[in-house]
Protein chains: 2
Amino acid sequence: MLKAKTKNEFKDYLLAQGLKSTSQRELILEEFLRAGSHLSTEELYLRLRKKQPRIGYATVHRTLKLFSECGIAERRHFGDGQARYEACARDEHHDHLICVDCGKIVEFEDPRIEKLQDEVACSNGFAIERHRLELYGHCQDCRSK
Amino acid sequence: MLKAKTKNEFKDYLLAQGLKSTSQRELILEEFLRAGSHLSTEELYLRLRKKQPRIGYATVHRTLKLFSECGIAERRHFGDGQARYEACARDEHHDHLICVDCGKIVEFEDPRIEKLQDEVACSNGFAIERHRLELYGHCQDCRSK
DNA sequence: GCTCCGTTGAAAATGAATTTCAATTTAATC
DNA sequence: GATTAAATTGAAATTCATTTTCAACGGAGC
């Protein structure tokens, strides 16, 4: 199962860095994987509080940072002022469609676009490391309301 | 001249909104147009202070907000934690190449990419309003160092 | 000039992200 | 299981950019 694999990955990372495995870290990873993507620190914190009211915001924040350091999560900004974290499968990449009305986020990937990006970068003398593509608009549901 | 046109545009906008034309607003627009794009509030504020030491940060901030309301400037985030404003020619659009080493920002546009974006959005039921495409990498200069 | 009302600038407030620090917990070692 | 060194936790404080407040000021119509 994917989640179990990710959990092991995380433990390995902690071990390798001389960091410790704690009940909070396990709980946060568990909930992060369960909750689905694009959560803000605040949102994850509130969800966690329901299960473990004594957990601290700082711990959630630090643990999410750990996740992104070890490649389990990626930090993103979609323009509402909060950072959001999404679980990332290794070696995969996708971009986002964001509904400006309801906030829905849809993931997509398109190799043709990626190819053109490389082309453009190359002709400007750049070697691309990463990119960000976000399409903002109105989703089907919101348009038919 | 383009700058003069933009200045008139701004005055018209102020008039239309029942807002006032002030020496600060003129000065800020002047310097904004002179300074070239992708400035943060802080950077523009510091430049302005050299010419008019009594100008306030809040005024610069509010005026930049005005610019983006009336279509003279666009607000962007490139991931360094500060908003940046760029002068925008009407009906034009471009994307950005950002060097992760030296911070250089290069603008580009590619209709082929735009077309594919529309395609993707459409097939997901979205009507695009705007998009953001940023390519992060290493520029020629930084790679040859 | 007078008056109304928008603007300014300094300071305070906000909001998210991050850091501090004393108390606690982990995990390696005895 | 006890000891110990080092990492972690959570509450509170801090930081940093952004935004708002408010009293003094200034623009524009009368």
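(A) Seen up close, helix H3 (residues 41-51) of chain B. Of the positions making up H3(B), those classed as buried are Thr41(B), Leu44(B), Tyr45(B) and Leu48(B). Buried residues along H3(B) cover an arc of 100 degrees about the axis, so they all sit on one side.

(B) How the structure looks around the pattern of salt bridges. For the coordinates displayed, the defined rule picks out 32 salt bridges over all chains. Here Arg130(A) ties to Glu129(A) by a salt bridge, and the two come within 3.7 Å at their closest N and O atoms. In this structure, the salt-bridge partner of Asp141(B) is Lys104(B), at a minimum N-O distance of 3.4 Å. In this pair, Asp141(B) is assigned in helix H6 (residues 140-143) and Lys104(B) in the loop between strand E4 (95-99) and strand E5 (105-108), connecting sequence segments 37 residues apart. When its relative accessible area of 30% is taken as the criterion, Lys104(B) is described as partly exposed.

(C) Focus on the protein's contact with DNA strand D. For DNA strand D, the set of nearby residues contains 23 residues, the closest of which are Thr22(A), Arg25(A), Thr59(A), Arg62(A) and His61(B). Considering the 4 Å shell around the protein, atoms of DNA strand D inside it are sugar or phosphate in 70% of instances. A distance of 3.0 Å is found between a base nitrogen of DNA strand D and a side-chain nitrogen or oxygen belonging to Lys20(B). Here a phosphate oxygen of DNA strand D and a backbone polar atom of Ala83(B) are 2.7 Å apart.

(D) Focus on the relation of the copies chain A and chain B. In screw terms, the move from chain A to chain B is a rotation of 180 degrees and a rise of 0.0 Å along the axis, fitting with an RMSD of 0.0 Å. The superposition of one copy onto the other is thereby described by a two-fold rotation axis. When C-alpha positions in chain A are compared against the rotation axis, the closest is assigned to Leu133(A), at 2.2 Å. Of the residues that chain A buries at the interface, 100% are likewise interface residues in chain B, meaning the two copies contact each other through the same surface.

(E) Fine view of the domain arrangement of chain A. Residues and elements named next belong to chain A. For chain A, the assigned domains read domain 1 (2-87) and domain 2 (95-143). The junction of domain 1 with domain 2 conceals about 540 Å² of combined surface from both sides, 55% of it contributed by carbon and sulfur atoms. Where domain 1 packs against domain 2, one counts zero salt bridges. Between the two partners, domain 1 and domain 2, sit four residue pairs in polar contact (both at pLDDT 80 or more). Looking at the side of domain 1 that touches domain 2, its residues break down into one nonpolar, three polar and two charged.

(F) Quick look at the side chain of His38(A). All names here are of chain A. Structurally, His-38 is set in the loop between helix H2 (23-35) and strand E1 (39-40). A polar atom in the side chain of His-38 sits 2.8 Å from the side chain of Glu-86. If sequence neighbours within four positions are ignored, His-38 has contacts with Glu-43, Phe-78, Arg-84, Tyr-85, Glu-86, His-96, Ile-105 and Glu-107.

Cut-off values and rules
- Residues numbered from 1 in each chain as written.
- Chains lettered and ligands numbered in written order.
- Predicted model: local features only at pLDDT ≥ 70, side-chain atom pairs only at ≥ 80, totals over all residues.
- Heavy atoms only, no water.
- Buried < 20%, exposed > 50% of the residue type's maximum accessible area, 1.4 Å probe, protein only.
- Helix = DSSP H or I, 4+ residues; strand = E, 2+ residues; numbered from the N terminus.
- Arc of directions from axis to C-beta.
- Salt bridge = Lys/Arg side-chain N within 4 Å of Asp/Glu carboxyl O.
- Near = heavy atom within 4 Å.
- Polar contact = N/O pair within 3.5 Å; in protein donor to acceptor, adjacent residues only side chain to side chain.
- Least-squares fit on C-alpha atoms with pLDDT ≥ 70 in both.
- Contact = heavy atoms within 4.5 Å.
- Domains from an automatic or database assignment.
- Buried area = accessible area lost by both parts, 1.4 Å probe.
- Nonpolar A, V, L, I, M, F, W, Y, C, P; charged D, E, K, R; others polar.

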